Amino acid sequence: MKAFNFLLKDTKGKSNTMVLDKGQGYQTTKDMLEITGDYFNLLKYGWGTSTLYKRDIIKDKNELYHQYDIKTYPGGTLFEIANKQDKIDEYLQEADKLGFNAIEISDGSTYISLEKRQEAITKVKEQGFYLLTEVGKKDLKKDSELKSEDRVKLIQTDLDNKSDLVIVEARESGKNIGIFDEKGNIKEDDFETINKNIPQNKILWEAPQKNQQIDLILKLGADVNLGNINVNDIISLETLRRGLRGDTLGKV
Amino acid sequence: MKAFNFLLKDTKGKSNTMVLDKGQGYQTTKDMLEITGDYFNLLKYGWGTSTLYKRDIIKDKNELYHQYDIKTYPGGTLFEIANKQDKIDEYLQEADKLGFNAIEISDGSTYISLEKRQEAITKVKEQGFYLLTEVGKKDLKKDSELKSEDRVKLIQTDLDNKSDLVIVEARESGKNIGIFDEKGNIKEDDFETINKNIPQNKILWEAPQKNQQIDLILKLGADVNLGNINVNDIISLETLRRGLRGDTLGKV
Amino acid sequence: MKAFNFLLKDTKGKSNTMVLDKGQGYQTTKDMLEITGDYFNLLKYGWGTSTLYKRDIIKDKNELYHQYDIKTYPGGTLFEIANKQDKIDEYLQEADKLGFNAIEISDGSTYISLEKRQEAITKVKEQGFYLLTEVGKKDLKKDSELKSEDRVKLIQTDLDNKSDLVIVEARESGKNIGIFDEKGNIKEDDFETINKNIPQNKILWEAPQKNQQIDLILKLGADVNLGNINVNDIISLETLRRGLRGDTLGKV
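Residues numbered from 1 in each chain as written. Chains lettered and ligands numbered in written order. Predicted model: local features only at pLDDT ≥ 70, side-chain atom pairs only at ≥ 80, totals over all residues. Heavy atoms only, no water.

Draft legend 1. Structural view of the relation of the copies chain B and chain C. For these two chains of identical sequence, chain B goes onto chain C by a turn of 120° and a shift of 0.0 Å along the axis, with RMSD 0.0 Å. Put plainly, the chains are arranged around a three-fold axis. When each C-alpha of chain B is compared by its distance to the rotation axis, threonine 28 of chain B comes out closest, at 3.9 Å. Take the interface residues of chain B: only 4% of them recur as interface residues in chain C, which is what a contact between different surfaces looks like. (Least-squares fit on C-alpha atoms with pLDDT ≥ 70 in both. Contact = heavy atoms within 4.5 Å.)

Draft legend 2. Spatial organisation of helix α1 (residues 26-36) of chain C. Within α1 of chain C, the full set of buried residues consists of Thr28, Thr29, Asp31, Met32, Leu33, Ile35 and Thr36 of chain C. Those residues of α1 of chain C that are buried lie in contact with α1 (26-36) and α2 (55-67) of chain A, α1 (26-36) of chain B together with α2 (55-67) and α10 (234-241) of chain C. (Buried < 20%, exposed > 50% of the residue type's maximum accessible area, 1.4 Å probe, protein only. Helix = DSSP H or I, 4+ residues; strand = E, 2+ residues; numbered from the N terminus.)

Draft legend 3. Structural view of the relation of the copies chain A and chain B. Note on the identical chains: chain A maps onto chain B by a rotation of 120° and an axial translation of 0.0 Å, with an RMSD of 0.0 Å. A share of only 4% of interface residues in chain A that are also interface residues in chain B marks the association as one of differing surfaces.

Draft legend 4. Region of interest: the pairing of strand β6 (residues 165-168) of chain B. All names here are of chain B. Residues Leu165 and Ile167 of β6 are buried on one face, and the alternating residues Val166 and Val168, pointing to the opposite face, are buried as well. With four bridges connecting them, strand β5 (residues 130-135) and β6 associate as parallel partners. Directly across from leucine 132, in β6, lies its bridge partner leucine 165. Here β6 pairs with strand β7 (residues 203-206) via three bridges, running parallel. Of the residues in β7, the one forming a bridge with valine 168 is tryptophan 205. Between the parallel pair β6 and β7, the chain is carried across by helix α8 (residues 188-197), and the sense of this crossover is right-handed. (Pairing = 2+ DSSP bridges. Right-handed = clockwise from strand over helix to strand, strands pointing away.)

Draft legend 5. Geometry of the nonpolar core. Counting 204 residues, the largest nonpolar core has Trp205 and Leu216 of chain A, Trp205 and Leu216 of chain B together with Trp205 and Leu216 of chain C as its most contacted members. Non-local contacts of tryptophan 205 of chain A, meaning those with residues more than four positions away in its chain, are made with Val168, Ile179, Phe191, Ile194, Asn195, Leu216, Leu220, Val224, Asn225, Leu226 and Gly227 of chain A. (Core = buried A, V, L, I, M, F, W, Y, C linked by side-chain atoms within 4.5 Å.)

Draft legend 6. Summary view of the packing of aromatic side chains. Enumeration over the complete set of coordinates arrives at 24 aromatic pairs over all chains. An angle of 90° between the planes, with centres 6.4 Å apart, marks the rings of tyrosine 45 of chain A and tyrosine 65 of chain A as edge-to-face. With tyrosine 45 of chain A in strand β2 (residues 42-45) and tyrosine 65 of chain A in helix α2, this pair connects stretches of sequence that are 20 residues apart. Comparing tyrosine 45 of chain A with tyrosine 65 of chain A, the two get one shared label, buried. On the basis of an interplanar angle of 75° and a centroid distance of 6.4 Å, the ring pair of phenylalanine 40 of chain B and tyrosine 65 of chain B is categorised as edge-to-face. (Phe/Tyr/Trp six-rings, centres within 6.5 Å; stacked < 30°, edge-to-face > 60°.)

Draft legend 7. Inspection of the environment of asparagine 232 of chain C at higher detail. All names here are of chain C. Examined against the element boundaries, asparagine 232 turns out to sit in the loop between β8 (226-230) and α10. For asparagine 232, a relative accessible area of 45% corresponds to the partly exposed category. Between the alpha carbons of asparagine 232 and serine 144 there is a distance of 30 Å; along the sequence they are 88 residues apart.

Draft legend 8. Seen up close, the pattern of salt bridges. Scanning all chains against the criterion turns up 69 salt bridges over all chains. Notably, a salt bridge pairs lysine 141 of chain B with glutamate 145 of chain B, separated by 3.2 Å at the nearest N-O pair. Residue lysine 141 of chain B and its partner glutamate 145 of chain B are both found in helix α6 (residues 140-145); the two are separated by four residues, about one turn of the helix. Judged by relative accessible area, which is 58%, lysine 141 of chain B ranks as exposed. Of the charged contacts, one joins glutamate 206 of chain C and lysine 44 of chain C as a salt bridge, the two residues approaching to 3.2 Å between their closest N and O atoms. (Salt bridge = Lys/Arg side-chain N within 4 Å of Asp/Glu carboxyl O.)

Draft legend 9. Representation of the side chain of serine 236 of chain C in the model. Turning to its location among the elements, serine 236 of chain C is positioned in helix α10. Separated by 3.0 Å, the side chains of serine 236 of chain C and arginine 245 of chain C make a polar contact. (Polar contact = N/O pair within 3.5 Å; in protein donor to acceptor, adjacent residues only side chain to side chain.)

Draft legend 10. Geometry of the interface of chain A and chain B. If you look at the interface, chain A gives 27 residues, while chain B gives 38 residues. For the pair chain A and chain B, the two sides together bury roughly 2800 Å², of which 63% comes from carbon and sulfur. Looking at the side of chain A facing chain B, the largest losses of area belong to Phe4, Leu7 and Ile35 of chain A, adding up to 25% of the total buried there. At the boundary of chain A and chain B, one finds three salt bridges. The partner of aspartate 233 of chain A in a salt bridge is lysine 22 of chain B, and the shortest N-O contact between them spans 2.9 Å. Joining chain A to chain B, the criterion identifies 14 residue pairs in polar contact (both at pLDDT 80 or more). Every element with two or more residues in the side of chain A that touches chain B is listed here: α1 and α10 (234-241) of chain A. (Buried area = accessible area lost by both parts, 1.4 Å probe.)

Draft legend 11. Representation of the sheet that holds strand β2 (residues 42-45) of chain B. Residue and element names in this part refer to chain B. Spatially, the eight strands line up as an open sheet ordered β3-β2-β1-β8-β7-β6-β5-β4, and their pairing is parallel. At either end of the open sheet lies a strand with only one pairing partner, and these are β3 (71-74) and β4 (102-105). Strand-to-strand twist across the sheet, computed as the mean angle between neighbouring axes with direction ignored, equals 30°. Of the strands in this sheet, β1 (17-21) and β8 (226-230) touch helix α10 (residues 234-241), which is tilted by about 135° from β8. (Axes fitted to C-alpha atoms, helices over the stretch in contact; angles between N-to-C directions.)

Draft legend 12. Expanded view of the sheet that holds strand β7 (residues 203-206) of chain C. Residues and elements named next belong to chain C. Judged by pairing direction, the sheet is parallel, and its eight strands sit side by side in the order β3-β2-β1-β8-β7-β6-β5-β4 without closing on themselves. One side of each edge strand has no neighbouring strand; the edge strands of this open sheet are β3 (71-74) and β4 (102-105). Each neighbouring strand pair of the sheet contributes to a mean axis angle of 30°, computed without reference to strand direction. In this sheet, β8 lies alongside strand β1 (residues 17-21) in parallel orientation, the contact comprising three bridges. Note on β8: the bridge partner recorded for valine 19 is isoleucine 229. Relative to the sheet, helix α5 (residues 114-126) contacts β4 and β5 (130-135), its axis offset from that of β5 by approximately 155°.

Draft legend 13. The arrangement of the side chain of threonine 28 of chain C in detail. By secondary structure assignment, the location of threonine 28 of chain C is in helix α1. For threonine 28 of chain C, the contacting residues outside a window of four places in its chain are Thr28 of chain A together with Thr28 and Asp31 of chain B.

Draft legend 14. How the structure looks around the packing of helix α4 (residues 88-97) of chain A against helix α5 (residues 114-126) of chain A. Residue and element names in this part refer to chain A. Following both chains from N to C, one finds α4 and α5 inclined at 30°, their axes separated by 11 Å at the closest point. Here α4 is positioned roughly parallel relative to α5, judged by the angle of their axes. Seen along the crossing, α4 lies across α5 with a hand that is right-handed. Contact residues: α4 offers Ile88, Asp89 and Leu92, while α5 offers Ala120, Lys123 and Val124. Partitioning the contact of α4 with α5 into residue classes produces four nonpolar, no polar and two charged. (Parallel < 35°, antiparallel > 145°, perpendicular 65-115°, else oblique. Left-handed = near helix turned anticlockwise from the far one by under 90°. Nonpolar A, V, L, I, M, F, W, Y, C, P; charged D, E, K, R; others polar.)

Draft legend 15. Structural view of the interface of chain B and chain C. With 27 residues of chain B at the interface, the matching set in chain C holds 38 residues. Carbon and sulfur atoms make up 63% of the surface buried where chain B meets chain C, a total of about 2800 Å² over both sides. Run the count over chain B and chain C and you get three salt bridges. Across the pair aspartate 247 of chain B and arginine 171 of chain C runs a salt bridge, and its minimum N-O distance is 2.8 Å. Of all the secondary structure elements, the ones that give two or more residues to the side of chain B that touches chain C are α1 and α10 of chain B. Looking at the side of chain B that touches chain C residue by residue, the classes come out as eleven nonpolar, seven polar and nine charged.

Laid out in structure tokens, this is it:
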């Protein structure tokens, strides 16, 4: 039973919360999960960080997360590196061996043709992975050239191709990228173009900053899908979703 | 014995240092306390985070902190939620069962009448808790409408009512709130109005940023009461208090 | 064997990476090292933090780091405090007893004559410590009065005196100090004056911010010496060095 449970309304969160692991130790992760394990369901080993682990440690970490029904996957950048080297099959095989049960497909740092993207999506789904695809460029200049209409079109194509969830890129910083301006505030027009055209449960918004999490919760509700959450902010985010912090108290 | 002890003058800190726990794991906390346990005496489980813990874990964490003579309490926001639901008695009973030995009363996010506030203060003191009350609004606009004179009056009333320590609100960010401007710098007039009217040992200044800690130490001395200290900054703050960091070396 | 090893080119890093420890617990450090231990070789207990440890704990932490061939040393500020009290001999003796195998000599917060500096350098080297010396003032105003030419001259003198590595100061913040402007961006002229006059393998650039690490890697190559790395950013930095993150992918 949870502490002070008489103060809380019963909630059945159906939202997705994706946490960013930048290389946290095994015991620290285990210890963290005893408190946070019920409050997120997707875990990304950021960009190419997975390659710096010994195989045993990453296997153990994946198992640990799975005990809490948290799906794990390597960052989309690693997929891009494998794709550039024409080693997608080896990549998926190794991911499977290491215990990852989800895959992210992105083209944030490299060019990938639509045909190639679709092919990869099909392959990942056939092999039984949960699939996230990402829309957006990591280079701020290139990202700013992407129109919201283009993002919508790509999201729709990915969903037609059976992507389980489409991520709107915001990186670890959340500034000057995707729907966020240089201060990290939401650009309303860009946000609305995506929001009105895509079913909410199919979008995961990367929102690393607290004010971004608050804004999206107040706009779209407590169950909005949020990602790139820092390991130290998991509990904070859950309190925001439940109206247990000043910013959302009485508003969700 | 401490390392390099011949370099230090003997200090008998009488100051209060309040640390903000945003949901840190049990083992990580235990491990942290072996190094930091001598350097703070108050621990706040931020806002409503306590409700996301299993009861056993929060009991164990409270016990751990008490072993180092650190008083623990749930954030003032949780008190406000209990008050809104007319469940203050249940709240205090549960807090006691879970091993909290301090309580914070605040009205940062909701309206509470002065009578109600006084009534709650009396109740908390009667039940033997250490009592902190807080002055300030979490909403930046509402907070900016609070004049320093009003803050002083409320602080004095709380102290007359036997609050042990009054907190000047600055949130986790320390920006655009209380005595701090939008960059986190001290607003001299607002600071002075409080400082000259209230005994220093009765005020705890929330000061999450390093420059705020430095400024208050240089203004009020090494023993100034400081709060909302990040778990990773406890040692840094203690070095600032003792002149062991460039910013205060030779000045305290 | 490392995960996804078929995606990586073989690298033999000869670079120095210096990590800043602000008071991390023993078990947390041990756990962290299982993932990060291969990716840095110098560890600084920031400024005077060493004096807040019990002697046993700091000995144990030093041993732990040494198991990964990581050299450890107390921050330069502690050297300055010892120097001010005329206790350099005691300082070096205690450092040795506690298991430190490197020493930093700096004058960031106090005035030390060139003769005194040289004398200390000689003493430290004679006793077999690895020696880092630092150039720069912690006070932003004083630091801004230091011309790049003066920095170069001091660096050259230190190297003539057999300092193993010279640190260019940037503090924990990396703003408005040394080669960085108030936003943390590189000041090209100041950077170039140092860079063109000193062999790259003899300089360690403090670069706590991600954008600083990227800029220096893109300017000077993957093997540039970088310092004041946050314990949570060790893996991130290594991915930047290896082109495993969007910012340097295909560029290193």
